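# Structural description and commentary
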Amino acid sequence: MATKTLAPGMGTFYKDCEHPQTRWSKCPHEYKIRYRSAAGAQTEEAGFSTQGMAVARLTTIDQEKRAAPRNQRKAERIQKYGAMQFREYATEWKAGQRATSPSPRYAPWNRSWSTPSCPPSAAAG
């Protein structure tokens, strides 16, 4: 089984038979295609009677993958916040934040890290 690769990332088409690649145009077997889906899974389709139909299907799949947003969550954020002014976004963001209190790390009773614990005479020596 020999395969023909198109542009990188587009996929391949082939015939799963004993005929050499030079005889594919006269071979009665159908073409198959193999490509990676948008999710990255390897996918195969079969049933293409001509090489042109197989290449056309690979081209269509490649165009769909390129046109689709790479990250659905990013596309949703763009749709929701794309035309929103910053003031509106900041108001919505602030409403969704939890009330924060000062960290215990900065509490007055925990200041031992900022004052030296050794006597002045030892530090001078």
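Coordinates for the structure precede this section.
Since the model is a prediction, treat every value here as computed from it, not as a measurement.

## Some points on a nonpolar patch on the surface
Where nonpolar side chains cluster on the molecular surface, the patch consists of Phe 86, Tyr 89 and Trp 93 and spans about 380 Å² of accessible area. Relative to the elements of secondary structure, Trp 93 occurs in helix α3 (residues 86–95).

## Details of the nonpolar core
Counting 10 residues, the largest nonpolar core consists of Phe 13, Tyr 14, Trp 24, Tyr 31, Ile 33, Tyr 35, Phe 48, Ala 54, Leu 58 and Ile 61. Contributing elements (two or more residues each) for this core: β2 (12–15), β3 (31–36) and α1 (51–67). Discounting residues that sit within four places of it in the chain, Ala 54 has contacts with Phe 13, Tyr 31, Ile 33 and Phe 48.

## Considerations on the packing of aromatic side chains
Evaluated as defined, the whole model comprises four aromatic pairs. Measuring from ring centre to ring centre gives 5.9 Å for Trp 24 and Tyr 31, while their planes differ by 90°; the resulting arrangement is edge-to-face. As far as burial versus exposure is concerned, Trp 24 and Tyr 31 are alike and both buried. Ring geometry for Tyr 81 versus Tyr 89: centroids 5.2 Å apart, planes at 85°, classification edge-to-face.

## Let's talk about α1
The end-to-end C-alpha distance of α1 is 24 Å, a good match for the 24 Å that 17 residues give at a rise of 1.5 Å each. For α1, the full list of buried residues reads Ala 54, Leu 58, Ile 61 and Asp 62. The buried residues of α1 occupy an angular sector of 100° when projected down its axis, which confines them to one face. Facing away from the buried side of α1 by more than 90 degrees, the exposed set consists of Gln 63 and Ala 67. Next to the buried residues of α1 lie β2, β3 and β4 (42–48).

## Topic: the pairing of β2
Put simply, side chains in a regular strand alternate between the two faces of the sheet. Burial of β2 is two-sided: the residues Thr 12 and Tyr 14 facing one way and the residues Phe 13 and Lys 15 facing the other way are all buried. As paired elements, β2 and β3 share four bridges and run antiparallel to each other. Paired with Phe 13 across the two strands is Ile 33, which belongs to β3.

## A closer look at the pattern of salt bridges
Taken as a whole and assessed by the stated rule, the structure comprises five salt bridges. Across the salt bridge formed by Glu 45 and Arg 57, the nearest N and O atoms sit 3.0 Å from each other. Highlighted residues: Glu 45 in strand β4 and Arg 57 in helix α1, separated in sequence by 12 residues.

Cut-offs and rules
Residues numbered from 1 in each chain as written. Predicted model: local features only at pLDDT ≥ 70, side-chain atom pairs only at ≥ 80, totals over all residues. Heavy atoms only, no water. Patch = residues over 30% accessible without salt bridge, like charges linked within 9 Å, V, L, I, M, F, W, Y side chains within 5 Å. Areas by Shrake-Rupley, 256 points an atom, 1.4 Å probe, with all protein chains shown as cover. Salt bridge = Lys/Arg side-chain N within 4 Å of Asp/Glu carboxyl O. Helix = DSSP H or I, 4+ residues; strand = E, 2+ residues; numbered from the N terminus. Core = buried A, V, L, I, M, F, W, Y, C linked by side-chain atoms within 4.5 Å. Buried < 20%, exposed > 50% of the residue type's maximum accessible area, 1.4 Å probe, protein only. Contact = heavy atoms within 4.5 Å. Phe/Tyr/Trp six-rings, centres within 6.5 Å; stacked < 30°, edge-to-face > 60°. Expected span 1.5 Å × (residues − 1). Arc of directions from axis to C-beta. Pairing = 2+ DSSP bridges.

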